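Chain by chain, the residues:
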Amino acid sequence: MADIQSSGQDSVYAKAAKEAVFAGIIAFGLFFLVVGFRTDQNINNELVLVQRWGLLAIFVAVAAIGRFIFAAFITPSREQAKLAKSKAPAAAKVDRRSLKAAVSRFGLALLFIYPFVVILILALIQFAVTGQWSFQSGVQGSLKYVDNFGIQILIYVMLAWGLNIVVGLAGLLDLGYVAFYAVGAYSYALLSAHFGLSFWLLLPMAGIFAAMWGIVLGFPVLRLRGDYLAIVTLAFGEIIRLVLINWTVVTKGTFGISGIAKATLFGIPFTPGPTGFAAMFGLPNSGVYYKIFLYYLILFLALLTAWVTIRLRRMPIGRAWEALREDEIACRSLGINTTTTKLTAFATGAMFGGFAGSFFAARQGFVSPESFVFLESAIILAIVVLGGMGSLIGIAIAAAVMIGGTELLRELEFLKLIFGNDFTPELYRMLLFGLAMIVVMVWKPRGFVGNREPSAFLHERKMISSEFTKEGHG
Amino acid sequence: MVSEVRNNPSPVLRVEHLSMKFGGLVAINDLNFEAKRGAITALIGPNGAGKTTVFNCITGFYKPTEGMLTMTRQNGEEYLLERMADFVITKKAKVARTFQNIRLFSGLTVLENLLVAQHNPLMLSSGYTILGLLGFPTYKKAAADAIEKARFWLQKINLVERADDPAGDLPYGAQRRLEIARAMCTDPELLCLDEPAAGLNARESAELNQLLLSIREETGTSIILIEHDMSVVMEISDHVIVLEYGTKISDGTPETVKNDPKVIAAYLGVEDEEVVELIEHAAATGSDDITAAVDLLSTEAIQEITETQAEVPVAAKAKTAAKPAAPAIKAGATANALAAPREGESDDLTLIKGIGPVNARRLNEHGIFHFDQIAAWKKADVTAAEAYLAFDGRIAREDWIGQAKKLAKESQGKPAAKKTGGAK
Amino acid sequence: MEYFIQQSINGLTLGSIYGLIAIGYTMVYGIIGMINFAHGDVFMLGAFMAMIVFLALTTFIGGVPVVLALLLMMLVAMLLTGLWSWTIERLAYRPLRGSFRLAPLITAIGMSIALSNFVQVTQGPRNKPIPPLVNGGVTIYGTGITIAYKQMVIVIVTAILLAAFWYLVNRTTLGRAQRSCEQDRKMAALLGIDVDKTISMTFVMGAMLAAVAGTLYLMFYGVISFTDGFTPGVKAFTAAVLGGIGSLPGAVVGGLLIGLIEALWSAYFSIDYKDVAAFSILAIVLIFLPSGILGRPEVEKV
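Note that this is a predicted model, so its numbers are computed, not measured. (Residues numbered from 1 in each chain as written. Chains lettered and ligands numbered in written order. Predicted model: local features only at pLDDT ≥ 70, side-chain atom pairs only at ≥ 80, totals over all residues. Heavy atoms only, no water.)

**Some details on the overall build of chain C**
Worth spelling out the cut-off: Starting at the N terminus, helices and strands are each numbered in turn, a helix being any DSSP run of H or I of at least four residues and a strand any DSSP run of E of at least two. The globule rule is 2.2 Å times the number of residues to the power 0.38, and the radius of gyration it is compared with is taken over C-alpha atoms. Only protein chains enter the accessibility calculation, which uses a 1.4 Å probe. A residue is then buried if its area is under 20% of the maximum for its type, exposed if over 50%, and partly exposed in between. Note on contacts: a residue pair is in contact if any heavy atoms of the two residues lie within 4.5 Å. When charges are tallied, Lys and Arg are placed among the positive residues and Asp and Glu among the negative ones, while His and the ends of the chain are skipped. Taken as the charge centre is NZ of Lys, CZ of Arg, CG of Asp or CD of Glu, depending on the residue.
Assigned secondary structure in chain C consists of 11 helices and four strands. Here chain C has a C-alpha radius of gyration of 19 Å; the compact-globule value for 302 residues is 19 Å, and the two agree. C-alpha extents for chain C along the principal axes are approximately 60 × 50 × 35 Å. Residues counted as buried form 59% of the 302 residues belonging to chain C. When contacts within chain C are restricted to residue pairs at least 6 apart in sequence, those whose partners lie at least 24 apart make up 75%. One way to put it: in chain C the 17 positive side-chain charges average out to a point 8 Å from where the 13 negative ones average out.

**Considering the interface of chain A and chain C**
The line we're drawing: Here the quantity called buried area is the accessible surface, traced with a 1.4 Å probe, that two parts lose on coming together, added over both. Should a side-chain nitrogen of Lys or Arg be within 4 Å of a carboxyl oxygen of Asp or Glu, the pair is scored as a salt bridge. What qualifies as a polar contact is a pair of N or O atoms within 3.5 Å, subject to a donor-acceptor requirement within protein and to the restriction that residues adjacent in sequence count only when both atoms come from side chains. By the convention adopted, Pro, Cys, Tyr, Trp, Phe, Met, Ile, Leu, Val and Ala count as nonpolar, Lys, Arg, Asp and Glu as charged, and the other residues, Gly among them, as polar.
At the interface, 66 residues of chain A touch 72 residues of chain C. Buried area between chain A and chain C, both sides added, is near 6100 Å², and the carbon and sulfur share of it is 74%. Taken as a group, L33, V34 and Y228 of chain A account for 11% of the area that chain A buries against chain C, more than any other trio of residues on that side. On the surface where chain A and chain C come into contact, there are zero salt bridges. Between the two partners, chain A and chain C, sit eight residue pairs in polar contact (both at pLDDT 80 or more). A per-element tally of the side of chain A that touches chain C places helix α7 (residues 226-246) of chain A first, with 14 residues. Of the residues assigned to the side of chain A that touches chain C, the class counts are 47 nonpolar, 10 polar and nine charged.

**Quick notes on the sheet that holds strand β3 (residues 40-44) of chain B**
Residues and elements named next belong to chain B. Defined as follows: Strand pairing is assigned whenever DSSP identifies at least 2 bridges connecting the two strands. Angular values range over 0 to 180 degrees, each being the angle between N-to-C directions of two axes fitted as lines to C-alpha atoms, with helices fitted over their stretch in contact.
The strand order across the open sheet formed by six strands is β6-β7-β8-β3-β9-β10, and the pairing between neighbours is mixed. Each of the sheet's edge strands pairs with one partner strand only, and the pair in question is β6 (95-97) and β10 (247-252). Adjacent strand axes in the sheet meet at a mean angle of 20° when their direction is disregarded. Judged from the four bridges that link them, β3 and strand β8 (residues 222-226) form a sheet pairing that is parallel.

**Some details on the UniProt feature "transmembrane region" (unreviewed entry) in chain C**
Residues and elements named next belong to chain C. Defined as follows: UniProt positions are given in the numbering used here, feature names are shortened, and annotations may be inferred rather than shown by experiment.
Feature annotation in UniProt places "transmembrane region" (unreviewed entry) on residues 12-35, 42-61, 67-88, 100-119, 139-169, 203-224, 236-264 and 276-295, given in this structure's numbering. As annotated, residues 42-61 comprises 100% helix and 0% strand, and the C-alpha atoms at either end are separated by 28 Å. Between the end C-alpha atoms of residues 67-88 there is a gap of 31 Å, over a span that is 100% helix and 0% strand.

**So, the interface of chain A and chain B**
Each partner contributes residues to the interface: chain A has 37 residues there, and chain B has 43 residues. The contact between chain A and chain B buries some 3500 Å² in all, and 65% of this surface belongs to carbon and sulfur atoms. When residues of chain A are sorted by the area they lose upon contact with chain B, L334, L458 and F468 of chain A head the list and together hold 20% of the total. Counting across the chain A and chain B interface gives three salt bridges.

**A word on helix α6 (residues 173-183) of chain C**
Residue and element names in this part refer to chain C. Applied cut-off: Relevant arc is that of directions from the helix axis to the C-beta atoms, nothing else.
Those residues of α6 that sit buried are G175, A177, Q178 and C181. All buried residues of α6 lie within an arc of 160° about the axis, which places them on one face of the element. Where α6 is buried, its residues meet α1 (2-32), α5 (149-171), α7 (185-190) and α8 (195-221).

**Some details on a nonpolar patch on the surface**
We apply this condition: Patch membership requires over 30% relative accessible area and the absence of a salt bridge. Like charges are linked within 9 Å, and nonpolar side chains (Val, Leu, Ile, Met, Phe, Trp, Tyr) within 5 Å. Surface accessibility in these figures is a Shrake-Rupley result with a 1.4 Å probe; residues are shielded only by whichever protein chains are displayed.
On the surface, M1, Y3, F4, I5, Y268 and F269 of chain C cluster together into a nonpolar patch covering about 680 Å² of accessible area. In this structure F269 of chain C comes out as exposed when scored by relative accessible area, which is 60%.

**Description of the pairing of strand β2 (residues 47-51) of chain A**
Residues and elements named next belong to chain A. Of the strand pairs in this sheet, strand β1 (residues 37-41) and β2 are connected by five bridges, and their pairing is antiparallel. Residue pairing across strands places T39 opposite L49, the latter belonging to β2. Hairpin connection between β1 and β2: a loop of five residues separates the two successive antiparallel strands, and N45 in this loop has a positive phi of roughly 65°.

**Description of the packing of α6 of chain C against α8 of chain C**
Residue and element names in this part refer to chain C. Our working rule: Here roughly perpendicular refers to angles of 65 to 115 degrees, roughly parallel to angles under 35, roughly antiparallel to angles over 145, and oblique to all remaining angles.
It is the contact of α6 with α8, at a shortest axis distance of 10 Å, that shows an interaxial angle of 105°. Between α6 and α8, the crossing angle belongs to the class labelled roughly perpendicular. Within the contact between the two elements, α6 uses L174, A177, Q178 and C181 and α8 uses V195, T198, M201, T202 and M205. Its residues placed into classes, the contact of α6 with α8 shows six nonpolar, three polar and no charged.

**So, the packing of helix α5 (residues 178-195) of chain A against helix α13 (residues 338-364) of chain A**
Residues and elements named next belong to chain A. Test applied: We call a crossing left-handed when the near helix sits turned anticlockwise from the far one by less than a right angle, and right-handed when that turn is clockwise.
Viewed as axis vectors pointing N to C, α5 and α13 meet at an angle of 45°, and their least axial separation amounts to 6 Å. Classed by the angle they form, the pair α5 and α13 counts as oblique. You can see that α5 and α13 cross each other, and the crossing is right-handed. Each of F180, Y181, G184, A185 and Y188 in α5 lies in contact with α13, whose residues at this interface are F346, A350, G353, G354, A356, G357, S358, F360, A361 and A362.

**A word on the nonpolar core**
Worth spelling out the cut-off: Definition used in this section: a nonpolar core is a set of buried Ala, Val, Leu, Ile, Met, Phe, Trp, Tyr and Cys residues joined via side-chain atoms within 4.5 Å.
Counting residues in hydrophobic clusters, the biggest one holds 290 residues, and the most contacted among them are L381 of chain A together with L154 of chain B. Residue contributions to this core peak at 16 residues, all from helix α4 (residues 135-169) of chain A. Sequence-distant contacts of L381 of chain A, that is, excluding residues within four places in its chain, are made with L163, V167, L173 and L175 of chain A together with L105, I106 and I109 of chain C. If you look at the next biggest cluster of nonpolar residues, it comprises 32 residues, including L18, L31, A35 and F87 of chain B.

**Observations concerning the side chain of T81 of chain C**
Residues and elements named next belong to chain C. With respect to the helices, strands and loops of the structure, T81 is situated in helix α3 (residues 66-93). Since its relative accessible area comes to 0%, T81 is described here as buried. Residues contacting T81, with those up to four places away along its chain left out, are V42, G46, M49, A207 and A211.

**Topic: the confidence of the model for chain C**
We apply this condition: Predictor confidence is given residue by residue as pLDDT, running from a minimum of 0 to a maximum of 100.
Averaged over every residue, the pLDDT of chain C is 89; residues scoring 70 or more account for 98%. Scored as a complex, the prediction yields pTM 0.80 and ipTM 0.88.

**A few points about the sheet that holds strand β5 (residues 78-80) of chain B**
All names here are of chain B. Taken together, four strands build an open sheet; the order of strands is β2-β1-β4-β5 and the sheet is antiparallel. Strand pairing shows two members of the sheet lacking a second neighbour, β2 (25-36) and β5, which therefore form its edges. Adjacent strand axes in the sheet meet at a mean angle of 15°, parallel and antiparallel pairs treated alike. In this sheet, β2 lies alongside strand β1 (residues 11-22) in antiparallel orientation, the contact comprising eight bridges. When the sheet's bridge partners are listed, M20 is paired in β2 with I28.

**Observations concerning the side chain of S16 of chain C**
Mapped onto the secondary structure, S16 of chain C falls in helix α1. Residues contacting S16 of chain C, with those up to four places away along its chain left out, are I154, V155, T158 and L256 of chain C.

**Regarding the environment of P445 of chain A**
Positionally, P445 of chain A belongs in the segment after α17 (429-443). On a C-alpha basis, the gap between P445 of chain A and E238 of chain A in space is 28 Å, while along the polypeptide they are 207 residues apart. Setting aside anything within four residues of it in sequence, one finds P445 of chain A in contact with L96, S99, F100 and A103 of chain C.

**Side note on the pattern of salt bridges**
In this structure the tally under the stated criterion is 35 salt bridges over all chains. Here E19 of chain A ties to R67 of chain A by a salt bridge, and the two come within 2.5 Å at their closest N and O atoms. Here R67 of chain A lies in helix α2 (residues 53-87) and E19 of chain A lies in helix α1 (residues 2-34), a separation of 48 residues in the sequence. Using a relative accessible area of 32% as the deciding quantity, one classes R67 of chain A as partly exposed. Through salt bridges with shared partners, one network takes in R313, E322, R325, E326 and R452 of chain A together with E112 of chain B.

Take a look at the structure:
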């Protein structure tokens, strides 16, 4: 018995070694040109080749060793785990729902106190290092964390929750969602620049404009199905971006629009002057208040999106969206007007994109077509799918992981100590982002939270496994 | 109430001169019928007769090429279905349907499936979502009522226990029942069921009959159903319409339709084997019965069969006796008959449209094994062959010779194709 | 008229490149119903390979005849890009086969992001110019129409490749296997076709054509950068959809159409809005022909 096992073990290693060699050869083929040589410009602006055989060797070695470890250890252990799982009696099901409720309650609480937690932690660190209790420095230092992490992530959370209505609920694949984000941002930028309208007036207007664009763009294309719809939405996204670039009279082209009015707290501006927020509340002047205000603003907007989504799912229209995702023909046989149903999904999603866009413009004070490239649509869609279509919590987690993770890469300055001063971790940000998308998707094809929560129940609310839900065809 | 509706002579649905063409294919050809209010009307016919197409025209999924479909509601309103979009037909004209290949929302729960069906009234009571979003009490009440209605139907189809499970998780029979309940949740006045008993076992099928009868009794809903299961059709339908190749060939009560010779011919004429079996059976039991059976068949075919009547039992015997040995050539063989198939392997003659296994066996018994043999037939051969086959005139009508020529050519090209066409 | 013909020639040249890329999209879509978003970046990678081969030739060997250089660039780029595509399919798409439809779309987008950034990291973010490979052209006698030699090269290479490709798909075992997988993958597997291998080969073939397109693109424009995968990629995808996704002749027709639209629009209207024109025409065509020009209309089975 032991013999068989050890010989089995040997054969596993032998097989793994073989696969490692194979992987090494493949890696050599893949990287031979692009890694083995680097093309650089010399003084005459001609390309010259720089040879990098050492780096190539590292790439090949990593591929081979990685493959070996995978084949020799990870795969067998995973198979064993699977075997053990199938043998073991069905373990008592953990009550996922109460856990989920606890997580969401905790997460929500954390979101509300996040800026203050950051300030407190930074002040504590400051205190530990210098021995001085300086609250103000904590406030200043928190700027980066509130802005780069808090606001940035929440914008994506909101966008993804908005797109979730279209993709996750109604099952319509929209690859041009960023167009509505752009419509919102430019509506705010232009209307505030030309007419001096306030943020609070323009916020709903931007949403309405975006929703109208959603209907205008949606109407002709909604009879298209599946991937045809995808490419046309992509095309519309690109058209809007190209128009923003080329219609220079209005949009100032690639220069963008700057000096966009900031949002106010119901009329109280966040300016240093005597009428400003800081002076009004007797606080020292600082840019942090505006950031914290923006943080709560986007938190409010994101939660509004979530609230509306949750409410809509329990309404006939929300159920019709999900039914549409499951089977369009059956929907029509039940008297549901699929065109208006699709259009409302499109318009509702677009409206939240518009809200987010006007917030974005108010936050940046500057908009340019650069911010509305296809990559943004792709990232938002990726967050929706990675989170688990239709699941608000899953999507929030995905946004935090993907956006927070890449923002974190900006902070890894210490890596310079290891790789030398030329090393810029930021360069690897999007590379790692792309790879992470692949890894997460292969690991969890249905996203972080694949289960669907029913919108109504007779006896008890049971989660629906992802194997039953469909993903829509159009 | 119900009896009042029953006595109401106005038909719930009137189909007049309905035609549907797909390119050159005529799926329905000038079809006329009426479905009586409060009755169960069955639409039967062989596969490909155009039954589902009729349904798709009634429910607006296809726009008919010609014709008029008039739906008269209980309140007297008339709707011309051919002019309406599919969802409006359900919404306004109150026609609901189920599908041959069940179309449930498999990722929604059983309850949610029934709630989606109440979309239109709920939409109204939620003030097109806006009032509902703001939490107005009218919507809350309507939502509770909708759940009660769903509960009523779940009790009716015996699925209350599984209300919170995904519809895709239900067993097949339950899915069929759920689809009917879902259609009923739209408050239809006409319910169109596309093969509701398909795939059900005997017990489920009986339960379905009860369900349909109780739907008619309790709600007064008129039902049109497509069904192949004759036990269902004969047991519950008040009226049967038979289609073949897109035309109506019979119309009446189950009893009259059952005895209509055209219907039997249509049903039995599909497969040669069935006819022959019937005749064999008749021959074995006695000549009185065979004339009764033969009466039912259409004219020319009947003559042919009576002529060959004497031979039939022999053929039947030969079928069982001669199987292991190579069949000997029978009298009346065609000119190019062979004693045995070339290279010991005969072509699959059933590839020719019109030749079923029975006729193939007959042909083999008469020394015809290969396509090229049929391809080479002259007029005399055709007459000779028709003498021992099930029907005459058929060889020319179905162009066996042309088909055989094509197949013979193909089979010649086959070895080469095999070499390159192998897997991997 | 001369101007029109001249611009049409330019459009056809551009369209040939789009067509070559579009075939990769349409084949993959036909066989596994997935939009391979990374295909544009595979094309860019192919162009980079060709560029590095060219530099290696000039650095290590010196003067190589242009024809030989072009051939070598194409061959090496085809081989290695094919290998890349094979690996990508193996790692990012195959594990998701038969799973949820959007999952491979997301990995493809992830792969697209990863590939372009990988090239940026390993090769640097700047444009890579190479000296012109093919110079000169002919002026058609009596007219002002000029056809550059490099345009001829593009059209001829495309024509040869399409012919070879047509033969491969319609006359070989592999092509038959591909077509059968396209019809019904499960049935093909039951009949003993190695579906995984067929799909891999589809990816490799698509990538090879994209590599050739990359080489031609590099030869035509003389410059390549890591961001150059996106726009031609989206254009080619547009072409594939315009022609009817899943249809091989459709991809070529769509590619040529997009090329023509772009060239003529730039010539007569505004160069800034050429992409807008291409995308708008796509939207308009799809509204009237929802399955593209040569695509099989999707029958709604009730």
